[in-house]
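A closer look at the structure
So you can see what is in the structure, the chains are spelled out below.
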Amino acid sequence: MVEHLTTDRSAMAGSPALVMRLLASAFSVAERAGSIEVRSNDPSRACPCAQTGANDLQTLADRMAQKSICTSLQRRFPKITIIGEEDLPNETVEEDLIEDGMAEEVLQKACPADYCDFKEEEFVVWVDPLDGTKEYTEGLLDHVTVLIGIAYKGKAIAGVINQPFFNYQSGTDAVLGRTLWGMLGLGSFGFKLQEQQSGDGLRGCDGASRGHQSGRGREQDHPAGGGESLCLRLASPGCKKWDTCGPEAILHAVGVRASLST
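Residues numbered from 1 in each chain as written. Predicted model: local features only at pLDDT ≥ 70, side-chain atom pairs only at ≥ 80, totals over all residues. Heavy atoms only, no water.

1. Here's the deal with the overall build of the chain
For the chain, the count of helices and strands is five helices and 13 strands. Counting contacts in the chain only where the partners sit at least 6 residues apart, residues at least 24 apart contribute 68% of the total. Total accessible area on the chain stands at roughly 11,600 Å², and carbon and sulfur atoms take up 47% of it. (Helix = DSSP H or I, 4+ residues; strand = E, 2+ residues; numbered from the N terminus. Contact = heavy atoms within 4.5 Å. Areas by Shrake-Rupley, 256 points an atom, 1.4 Å probe, with all protein chains shown as cover.)

2. Describing the environment of methionine 20
Mapped onto the elements of the fold, methionine 20 is located in helix α1 (residues 18-39). Placed 91 residues apart in sequence, methionine 20 and cysteine 111 show a C-alpha to C-alpha distance of 6.4 Å. Setting aside residues up to four positions removed in sequence, methionine 20 forms contacts with Val106, Leu107, Lys109, Cys111, Pro112, Met183 and Leu186.

3. Topic: the UniProt feature "binding site: Mg(2+)" (unreviewed entry) in the chain
Taking the numbering used here, the UniProt-annotated feature "binding site: Mg(2+)" (unreviewed entry) corresponds to Glu85, Asp128, Leu130, Asp131 and Asp243. These annotated residues cover 159 residues of sequence, and their C-alpha atoms lie no more than 10.0 Å from one another, placing them together at a single site. Inspection of the secondary structure puts aspartate 128 in strand β6 (residues 123-131). A residue is classified by how much of its surface remains accessible, and aspartate 128, at 1% relative accessible area, is buried. In this view, leucine 130 contacts Glu37, Thr59, Ala61, Asp62, Tyr136, Val144 and Thr145; residues no more than four positions away in its chain are not counted. (UniProt positions renumbered as here; feature names shortened; annotations may be inferred. Buried < 20%, exposed > 50% of the residue type's maximum accessible area, 1.4 Å probe, protein only.)

4. With respect to helix α5 (residues 241-253)
Between the first and last C-alpha of α5 there are 18 Å, a value that for 13 residues agrees with the 18 Å anticipated at 1.5 Å per step. Looking one or two residues past α5, glycine 255 carries a phi angle of roughly 95°, positive in sign. (Expected span 1.5 Å × (residues − 1).)

5. As for the nonpolar core
Counting 39 residues, the largest nonpolar core has Phe123, Val125 and Ile157 as the members making the most contacts within it. Contributing elements (two or more residues each) for this core: α1, α2 (60-76), β5 (102-103), α3 (104-107), β6, β7 (145-152), β8 (155-163) and β9 (178-183). When neighbours within four sequence positions are excluded, isoleucine 157 is seen to be in contact with Val19, Tyr115, Phe118, Phe123, Ile150, Ala151, Tyr152, Gly182, Met183, Leu184 and Ala249. (Core = buried A, V, L, I, M, F, W, Y, C linked by side-chain atoms within 4.5 Å.)

6. Points about the packing of aromatic side chains
By the definition in use, this model includes five aromatic pairs. Where tyrosine 115 meets phenylalanine 118, the ring centres are 5.3 Å apart and the plane angle is 50°; that geometry is what we call tilted. Taking relative accessible area as the criterion, phenylalanine 118 reaches 14% and is therefore assigned buried. Aromatic pair tryptophan 181 and phenylalanine 189: ring centres 4.4 Å apart, planes at 25°, arrangement stacked. Using a relative accessible area of 1% as the deciding quantity, one classes tryptophan 181 as buried. The partly exposed category is assigned to phenylalanine 189, whose relative accessible area is 21%. (Phe/Tyr/Trp six-rings, centres within 6.5 Å; stacked < 30°, edge-to-face > 60°.)

Below, the structure written as structure tokens:
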């Protein structure tokens, strides 16, 4: 996993704006969740979700990652609303799953003026702790991501995508994992943007989960390890807000205009 300098500035004078602290926390929390998925990579632990049946798998990594993300963010920001994909019982979360750091590379950025005065209770955070679970169980690790999206009054304004297995085919000495992030009015970071032409037009795809690859749209390709790529996809049938909120914000932050499904 790529290491990033983190800090705890909550008690410091001149603390960054709330939304920047929330985004910086989401960055660090996503990386912690990604490290959990790497450690827990055991396809034999996959089981069907009780709500949807055998075609919707849930692994130990899904459950542990969501507990880590939601509990870590809720402790630091108790008034925000957090909605995760997995329906988990209320239970005590192990302390070693908690991440209390904030990414310095996010905190160093100036908050866009329009977002400086938002209140904690006005945010909704959408969490997909392991997007691409089926691919995860099949060993297609380039398709696995942690998605965290931050919405204000129903609008996606910031997002984080962690690729825990990025570079996994590059040898034992390769640095594993990377994190993409972005915010409206600020930009997107952690990747090189390329526009891919395909067939008779631009197409949309999802570099995380193959299950939502349908329809046409504008494809943004971010080179990944082993000749693979991460493609942030425009809306397609079956997407939920935890699938789209983070990627939507990152795409919009680099100037791609799209309305993703809710």
